[in-house]
Amino acid sequence: MIKLTGLNETLAYLKAGEHIYTEDNALVIRKGDMYIITKGGTRFRLTEEDFILLYRDTIFYFDDREDTFIDALKDEEYYRFKHK
């Protein structure tokens, strides 16, 4: 995991479609113009303005390992599968 240097770098990674983690292991992704935070079974969406207000002092990490992410398309296909 790579420690990010600040909120501007974090926002750049998120806008590039990367997955970012907080120091308490919450997952942060960007979908459209919303930021989605997931941790311990909870999930919520924030606008960029709210994200900056709430997380401006948070330490973020980028996980550069390719094998740690779930392929969203395969995940969606799996849950849409219907037994006949």
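Residues numbered from 1 in each chain as written. Predicted model: local features only at pLDDT ≥ 70, side-chain atom pairs only at ≥ 80, totals over all residues. Heavy atoms only, no water.

Another point: the environment of Leu7. By the secondary structure assignment, Leu7 is in helix 1 (residues 7–15). Residue classification places Leu7 among the buried positions, given a relative accessible area of 17%. Taking the C-alpha atoms as reference points, Leu7 and Asp57, separated by 50 residues in sequence, lie 8.0 Å from one another. (Helix = DSSP H or I, 4+ residues; strand = E, 2+ residues; numbered from the N terminus. Buried < 20%, exposed > 50% of the residue type's maximum accessible area, 1.4 Å probe, protein only.)

Under the defined criterion, the tally for this structure stands at two salt bridges. Between Lys15 and Glu48 there is a salt bridge; the shortest N-O distance is 3.6 Å. Of this pair, Lys15 sits in helix 1 while Glu48 sits in helix 2 (residues 48–55), and the two are 33 residues apart along the sequence. Residues Asp24 and Lys39 are paired through a salt bridge, measuring 3.7 Å at the closest nitrogen-oxygen approach. Of this pair, Asp24 sits in the loop between strand 2 (20–22) and strand 3 (27–31) while Lys39 sits in strand 4 (residues 34–39), and the two are 15 residues apart along the sequence. Taking relative accessible area as the criterion, Asp24 reaches 43% and is therefore assigned partly exposed. Relative accessible area serves as the criterion here: at 37%, Lys39 is assigned to the partly exposed category. (Salt bridge = Lys/Arg side-chain N within 4 Å of Asp/Glu carboxyl O.)

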